[in-house]
Amino acid sequence: MQTSLVGSSVGGGGASASGDPYYVFKEELETKVSSIHHTHKRWKLLWNDVGGSPTNKFPKTTEDLKKEVASAERSLGFLEQSIRAIESDRTKYAHIDRVELSGRKAFVSSTRHELMSISAEVSSDAVKTRVLRDERRLLRTSSSSQQSAASSPTTTTTTTIDRNAILVDEKARQQQIVQDQDENLDQLHTTVSRLGHVAVDINAEIKTQNRCLTTTNTTTNITAC
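Residues numbered from 1 in each chain as written. Predicted model: local features only at pLDDT ≥ 70, side-chain atom pairs only at ≥ 80, totals over all residues. Heavy atoms only, no water.

- Per an unreviewed UniProt entry, the recorded name for the chain is t-SNARE coiled-coil homology domain-containing protein, and the organism is Aphanomyces astaci.
- Recorded in UniProt under Subcellular location (unreviewed entry), the annotation for the chain is "Golgi apparatus, trans-Golgi network membrane".
- Checking UniProt for the chain, the heading Sequence similarities (unreviewed entry) contains the comment "Belongs to the syntaxin family." (UniProt positions renumbered as here; feature names shortened; annotations may be inferred.)

This is the structure we're talking about:
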């Protein structure tokens, strides 16, 4: 699974990795995918550990893996946009030949397929059931511990503990959602800024090359005279 995503650039075209927005996003995506592989490996170990003591590790790792996949899918979207831009204006991007373009499309396709596979795996009904079971086991264990520590536990006390635990858990979930949204916005801002810098560099390089061509043509005309 791992080799299909993280590897050297594909294609035999003349496009250089330097200054090409595709390679900027590809490098970012490969870093994210590498992290996904590590998280997915830990997730599989936890998934297979069905008889362990109740902890929050599996639910948390499942949520972390979903977030990482979603982030990688956003980076993949930028790659797909860059490919569509090339296909829509072959004259402008004539330096990117069909072999290179085909390689880019193959990389995007295989990456998309693997991300979808992992996403489907961690979002299955079996995983949802396991997450719910672990959370309930953890809640019962916590409630039992608090009940044992109390001098005279009652049904009312146990019910209050359960309700408080649920409220605390829900509040933590809401805070995490807000934090994730902030992180996504920061990541989008960083990506857009990086693309802007790349575009400026490419534009400057084109202007420099045009000036060189103009100077060369002028020199040639003078020599001919």
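## Overview of the overall build of the chain
So, step 1. Helix and strand content of the chain: five helices and zero strands.
So, step 2. Each of the 225 residues in the chain was classed as buried or not, and the buried ones make up 25%.
So, step 3. A fraction of 79% describes how many contacts in the chain between residues 6 or more apart in sequence connect residues 24 or more apart.
So, step 4. Accessible surface computed for the chain: about 14,400 Å², of which carbon and sulfur atoms make up 56%. (Helix = DSSP H or I, 4+ residues; strand = E, 2+ residues; numbered from the N terminus. Buried < 20%, exposed > 50% of the residue type's maximum accessible area, 1.4 Å probe, protein only. Contact = heavy atoms within 4.5 Å. Areas by Shrake-Rupley, 256 points an atom, 1.4 Å probe, with all protein chains shown as cover.)

## Overview of the pattern of salt bridges
Proximity of charged atoms lets side chains of opposite charge pair with each other.
So, step 1. For the structure shown, the criterion picks out nine salt bridges.
So, step 2. Between Lys26 and Glu30 there is a salt bridge, with its nearest N and O atoms 2.6 Å apart. You can see Lys26 and its partner Glu30 sitting in helix H1 (residues 21-48), four residues apart, about one turn around the helix.
So, step 3. Take Lys26: its relative accessible area is 4%, and that puts it in the buried class.
So, step 4. Glu80 is the partner of Arg112 in a salt bridge, and the nearest nitrogen-oxygen pair spans 2.9 Å. One end of the pair, Arg112, is in helix H3 (residues 98-122); the other, Glu80, is in helix H2 (residues 57-88), with 32 residues separating them in the sequence.
So, step 5. When salt bridges that share partners are traced, they join Arg130, Arg133 and Asp134 into one network. (Salt bridge = Lys/Arg side-chain N within 4 Å of Asp/Glu carboxyl O.)

## Overview of the nonpolar core
So, step 1. Among the nonpolar cores identified, the biggest contains 26 residues, and Leu29, Ile36 and Leu79 are the most heavily contacted of them.
So, step 2. Of all the elements in the fold, those that place two or more residues in this core are H1, H2, H3 and helix H4 (125-149).
So, step 3. Considering each element in turn, this core owes the most residues, nine residues, to H2. (Core = buried A, V, L, I, M, F, W, Y, C linked by side-chain atoms within 4.5 Å.)

## Some words on H3
So, step 1. In a regular helix each residue adds 1.5 Å, so 25 residues correspond to 36 Å; H3 covers 36 Å between its end C-alpha atoms and thus fits that length.
So, step 2. Glu100, Leu101, Gly103, Arg104, Phe107, Val108, Thr111, Glu114, Leu115, Ile118 and Val122 are the residues of H3 that are buried.
So, step 3. If you check the start of H3, you find a side-chain oxygen 3.2 Å away from the backbone N of Val99, and it comes from Asp97. (Expected span 1.5 Å × (residues − 1). Polar contact = N/O pair within 3.5 Å; in protein donor to acceptor, adjacent residues only side chain to side chain.)

## Thoughts on the environment of Thr111
So, step 1. Looking at the secondary structure, you find Thr111 in helix H3.
So, step 2. In this structure Thr111 comes out as buried when scored by relative accessible area, which is 0%.
So, step 3. Each C-alpha atom, one on Thr111 and one on Glu30, is 9.6 Å from the other, the two residues being 81 residues apart in sequence.

## Structural notes on the side chain of Glu28
So, step 1. Within the element layout of this structure, Glu28 appears in helix H1.
So, step 2. Reaching out from Glu28, the side chain makes a polar contact with the side chain of Ser75 at a distance of 2.9 Å.

## Things to note about the packing of aromatic side chains
So, step 1. This model, assessed by the stated rule, comprises five aromatic pairs.
So, step 2. When the centroid spacing of 5.1 Å and the interplanar angle of 90° are considered together, the rings of Tyr22 and Tyr23 count as edge-to-face. Each member of the pair Tyr22 and Tyr23 is classed as buried.
So, step 3. Measuring from centroid to centroid gives 4.9 Å for Phe25 and Phe78, while their planes differ by 10°, and the two rings are stacked. In this pair, Phe25 sits in helix H1 while Phe78 sits in helix H2, placing the two residues 53 residues apart along the sequence.
So, step 4. For Phe25, a relative accessible area of 3% gives the class buried.
So, step 5. With relative accessibility at 18%, the residue Phe78 sits in the buried group.
So, step 6. Taken together, the aromatic side chains of Trp43, Trp47 and Phe58 make up a single cluster linked through ring pairs.
So, step 7. For Lys26, the ring lying beneath its charged end belongs to Phe107, and the centroid distance is 4.6 Å.
So, step 8. When the ring centre of Phe58 is taken as origin, the NZ or CZ atom of Arg130, which lies over that ring, is 4.4 Å away. (Phe/Tyr/Trp six-rings, centres within 6.5 Å; stacked < 30°, edge-to-face > 60°. Lys NZ or Arg CZ within 6 Å of the ring centre and 35° of its normal.)

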